[in-house]
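The lines below spell out each chain.
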Amino acid sequence: MSGTPQEKRLCRYCSERQGGQQDAFVIVPGLECAVCSGLMDRTDATGELAVRRLRRYEFRTFAVGVTLPEGVQEREDELRSGLRLKGNETIKTQAARLVGSYMSRSTRKRLDKKNPDVTVLVNFGTGEVSVSSKPAFFYGRYTKPAGIAQRRSFCQLCRGSGCEKCGNTGYERRPSVEESLRKKLSGFSGSPKMVFTWLGSEDRESRVFPPGRPFIVEIKNPRKRKLPRRFGVRVRHRTLTVTAGRVLPSKPTRLPSFRFLTEIRAVAATKVDQKSLRELKSAFRRAAVTFQRPNNRPTTKTVYGVSAAAKGRALLIRAEIDGGLPVKRFVSGELVSPSVSEVLKTEVGCRSFDICRVREIGEIGFAEVTRSEEKN
Ligand SMILES: [Zn+2]
Ligand SMILES: [Zn+2]
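Since the structure is predicted, the reported quantities are computational estimates derived from the model, not experimental observations. (Residues numbered from 1 in each chain as written. Chains lettered and ligands numbered in written order. Predicted model: local features only at pLDDT ≥ 70, side-chain atom pairs only at ≥ 80, totals over all residues. Heavy atoms only, no water.)

Student: Just checking my understanding: could you explain the pairing of strand β6 (residues 128-133) for this structure?
Tutor: Walk down a regular strand and you will see the side chains alternate between the two sheet faces. Side chains Val-129, Val-131 and Ser-133 project from β6 onto a buried face, and the interleaved Glu-128, Ser-130 and Ser-132 project onto a face without burial. Relative to β6, strand β5 (residues 118-123) is paired through six bridges, and the arrangement is antiparallel. Directly across from Thr-119, in β6, lies its bridge partner Ser-132. Counted along the chain from β5 to the antiparallel partner β6, the turn is four residues long, and its residue Gly-127 has a positive phi close to 80°. (Buried < 20%, exposed > 50% of the residue type's maximum accessible area, 1.4 Å probe, protein only. Helix = DSSP H or I, 4+ residues; strand = E, 2+ residues; numbered from the N terminus. Pairing = 2+ DSSP bridges.)

Student: Sorry if this is basic, but what is going on with the coordination of the zinc ion (ligand 2) here?
Tutor: For a metal with four tetrahedral donors the ideal donor-metal-donor angle is 109.5 degrees, while six octahedral donors give ideal angles of 90 or 180 degrees. Every protein donor of the zinc ion (ligand 2) is accounted for by Cys-155 (SG), Cys-158 (SG), Cys-163 (SG) and Cys-166 (SG), and the metal-donor separations fall at 2.3 to 2.4 Å. Bound by four donor atoms, the zinc ion (ligand 2) shows angles of 104 to 114° at the metal and therefore tetrahedral coordination geometry. In primary sequence terms, the donor set of the zinc ion (ligand 2) follows C-x2-C-x4-C-x2-C. Like Cys-163, Cys-155 is buried. (Donors = N, O, S within 2.8 Å, 3.2 Å for Na, K, Ca; no water. Tetrahedral: all angles 85-135°; square planar, octahedral: opposite > 155°, others 65-115°.)

Student: Sorry if this is basic, but what is going on with the coordination of the zinc ion (ligand 1) here?
Tutor: Summarising the metal site, the zinc ion (ligand 1) is bound by the protein donors Cys-11 (SG), Cys-14 (SG), Cys-33 (SG) and Cys-36 (SG), whose distances to it range over 2.2 to 2.4 Å. Mapped onto the sequence, the residues coordinating the zinc ion (ligand 1) show the spacing C-x2-C-x18-C-x2-C. Of this pair, Cys-14 sits in helix α1 (residues 12-18) while Cys-33 sits in the loop between β2 (26-27) and α2 (43-53), and the two are 19 residues apart along the sequence. Accessibility assignment for this pair places Cys-14 and Cys-33 in one class, buried.

Student: Just checking my understanding: could you explain the pairing of β5 for this structure?
Tutor: Along β5, the buried face is formed by Val-118, Val-120 and Val-122; none of Thr-119, Leu-121 and Asn-123, which line the opposite face, is buried. Strand direction decides the pairing type here: strand β3 (residues 61-67) and β5, joined by six bridges, are parallel. Considered in β5, the bridge of Val-64 is made with Val-120.

Student: Where do I start with the domain arrangement of the protein chain in this structure?
Tutor: A common way to state how big an interface is: give the accessible area lost once the parts meet. Assigned domains of the protein chain: these are domain 1 (41-133), domain 2 (136-248) and domain 3 (257-361). Computed from C-alpha atoms alone, the centre-to-centre distance between domain 2 and domain 3 is 28 Å. Summed over the shared surface of domain 2 and domain 3, the result is three salt bridges. A salt bridge links Asp-203 to Lys-328, with the shortest nitrogen-to-oxygen separation between them at 2.6 Å. Here domain 2 and domain 3 share eight residue pairs in polar contact (both at pLDDT 80 or more) between them. For the side of domain 2 that touches domain 3, the secondary structure elements donating two or more residues are β7 (136-144) and β9 (208-219). Ranked by residues supplied to the side of domain 2 that touches domain 3, first place goes to β9 with seven residues. Of the residues in the side of domain 2 that touches domain 3, the class split is seven nonpolar, three polar and six charged. (Domains from an automatic or database assignment. Salt bridge = Lys/Arg side-chain N within 4 Å of Asp/Glu carboxyl O. Polar contact = N/O pair within 3.5 Å; in protein donor to acceptor, adjacent residues only side chain to side chain. Nonpolar A, V, L, I, M, F, W, Y, C, P; charged D, E, K, R; others polar.)

Student: I'm lost on helix α3 (residues 72-83) in this one. Help?
Tutor: Structurally, the α-helix is built with 3.6 residues per turn, so residues lying three or four positions apart point the same way. Taking 1.5 Å of rise per residue, the 12 residues of α3 would be expected to cover 16 Å, and the 17 Å separating its terminal C-alpha atoms lies within 8% of that figure. The elements touched by buried residues of α3 are β1 (9-10), α1 and α4 (91-107). (Expected span 1.5 Å × (residues − 1). Contact = heavy atoms within 4.5 Å.)

Student: Sorry, what's going on with the nonpolar core here?
Tutor: Burial of nonpolar side chains together is a common tendency in soluble globular proteins. Counting residues in each nonpolar core, the largest one holds 53 residues, and the members touching the most others are Phe-138, Leu-181, Phe-215, Ile-264, Phe-284, Leu-315 and Phe-330. Structurally, this core is a two-domain feature, drawing no fewer than three residues from each of domain 2 (136-248) and domain 3 (257-361). The residues contacting Phe-215, other than those within four sequence positions of it, are Phe-138, Tyr-139, Gly-140, Arg-141, Tyr-142, Leu-181, Phe-196, Thr-197, Trp-198 and Val-242. Leu-39, Leu-85, Leu-98 and Val-118 belong to the second-largest nonpolar core, a separate cluster that totals 36 residues. (Core = buried A, V, L, I, M, F, W, Y, C linked by side-chain atoms within 4.5 Å.)

Student: Whenever I open this one, the packing of aromatic side chains confuses me. Can you help?
Tutor: To describe a pair of aromatic rings, one takes the distance between the centres and the angle between the planes. Tallied over the entire structure, the rule returns 11 aromatic pairs. Between Tyr-142 and Trp-198, the ring centres sit 5.7 Å apart and the planes meet at 85°, which makes this aromatic pair edge-to-face. Of this pair, Tyr-142 sits in strand β7 while Trp-198 sits in strand β8 (residues 194-198), and the two are 56 residues apart along the sequence. Here Tyr-142 and Trp-198 have matching classes, each one buried. Relative to Tyr-171, the ring of Phe-154 lies with its centre 5.2 Å away and its plane at 15°, an arrangement referred to as stacked. Of this pair, Phe-154 sits in the loop between β7 and α5 (177-189) while Tyr-171 is found in the loop between β7 and α5, placing the two residues 17 residues apart along the sequence. For Tyr-171, a relative accessible area of 23% corresponds to the partly exposed category. What links up through ring pairs into an aromatic cluster is the set Phe-138, Tyr-142, Phe-188, Phe-196, Trp-198, Phe-215 and Phe-231. One cation-aromatic arrangement involves Lys-109 over Phe-59; the distance from NZ or CZ to the ring centre is 5.2 Å. Cation over ring: Arg-152 sits above Tyr-171, and NZ or CZ is 3.6 Å from the ring centre. (Phe/Tyr/Trp six-rings, centres within 6.5 Å; stacked < 30°, edge-to-face > 60°. Lys NZ or Arg CZ within 6 Å of the ring centre and 35° of its normal.)

Student: Can you help me understand the side chain of Ser-206 in this one?
Tutor: For Ser-206, the position within the fold is in the loop between β8 and β9. Once you skip the residues sitting within four places of it in the chain, Ser-206 turns out to touch Lys-144, Pro-145, Ala-146, Phe-353 and Asp-354.

Student: It is not clear to me how a negative patch on the surface should be interpreted in this structure. Could you clarify?
Tutor: On the surface, Glu-70, Glu-74, Asp-77 and Glu-78 cluster together into a negatively charged patch. Tracing the backbone through its elements, the reader meets Glu-70 in the loop between β3 and α3. Relative accessible area serves as the criterion here: at 79%, Glu-70 is assigned to the exposed category. (Patch = residues over 30% accessible without salt bridge, like charges linked within 9 Å, V, L, I, M, F, W, Y side chains within 5 Å. Areas by Shrake-Rupley, 256 points an atom, 1.4 Å probe, with all protein chains shown as cover. Lys, Arg positive; Asp, Glu negative; His and termini not counted. Charge placed at Lys NZ, Arg CZ, Asp CG, Glu CD.)

Next up, the structure:
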């Protein structure tokens, strides 16, 4: 820029932003503005477009990000260095601020740059407005009837790549807690993208009784953030239920440990008498049990109590044990010591087991909780 006065033709937004000597500029309509070519006149219309885009989203706070067409920022920089102006905010900041303030007025929602529920990205070059929303972390407990696996598993034919048998999903068609919850929660939240974390697992044939097994699911880019406290899912004429549902304040950084009560149906190689059952009970009163984890260091878990009834070789065992100790191995003794087999001095095999009560030990940990999130 050479610096003759005629060349400092700016719209009122662009001139105000330079601060100081306003008489150095000629105020012109936006389209003639040497810096923005009318871009700053479009902030309200852009804000309105953003508000329309957000209509399907549930949010309390938002943020605005802006991309400028090529050359705009450079023209402002040149202007400032040519006139030795320090200027106030940059054109990018001002554009984002004006779009944001239009949106605040229109929606009465709060701007929160640090931790917004939704972020609006405005590209002033293409005119595109896109929305992304912060993930929702949903905590709940599920109960289930027998015959439903916890996780969906890969199609055995194609092993995940998708084929005719699995309808190109890559997953088995058999129902799972994961698939059922995914469908339901995607209906509630408006997003099918989610990642599950379970506090332990059980067999397909295991029943899970109230209060249920805890899980946390990260729902990505959700449109709705208010999710139900409880709901049921019909799975092949039976019902899977979720209770204690709540949206966590932020991403959990630490999960509680847990212990659970399980009811085990087992069969012994030889008949088990009452004396052996009493021995079983006394052997597992707050007993430390070692689990030689495959591909991992051995770990010690606690068995809090065991009671059992026998009918010939058939056993019904109730045991309260730490999460992470596999029930079947605790019975058979494979990689676990002491085990039910070891104490009864006969080979015992687990036929099936149910999860009767899961108790969390400790709290879910979070990295930081901001004030706006605590209201959740
Ligand atoms: Zn301008
Ligand atoms: Zn397949």
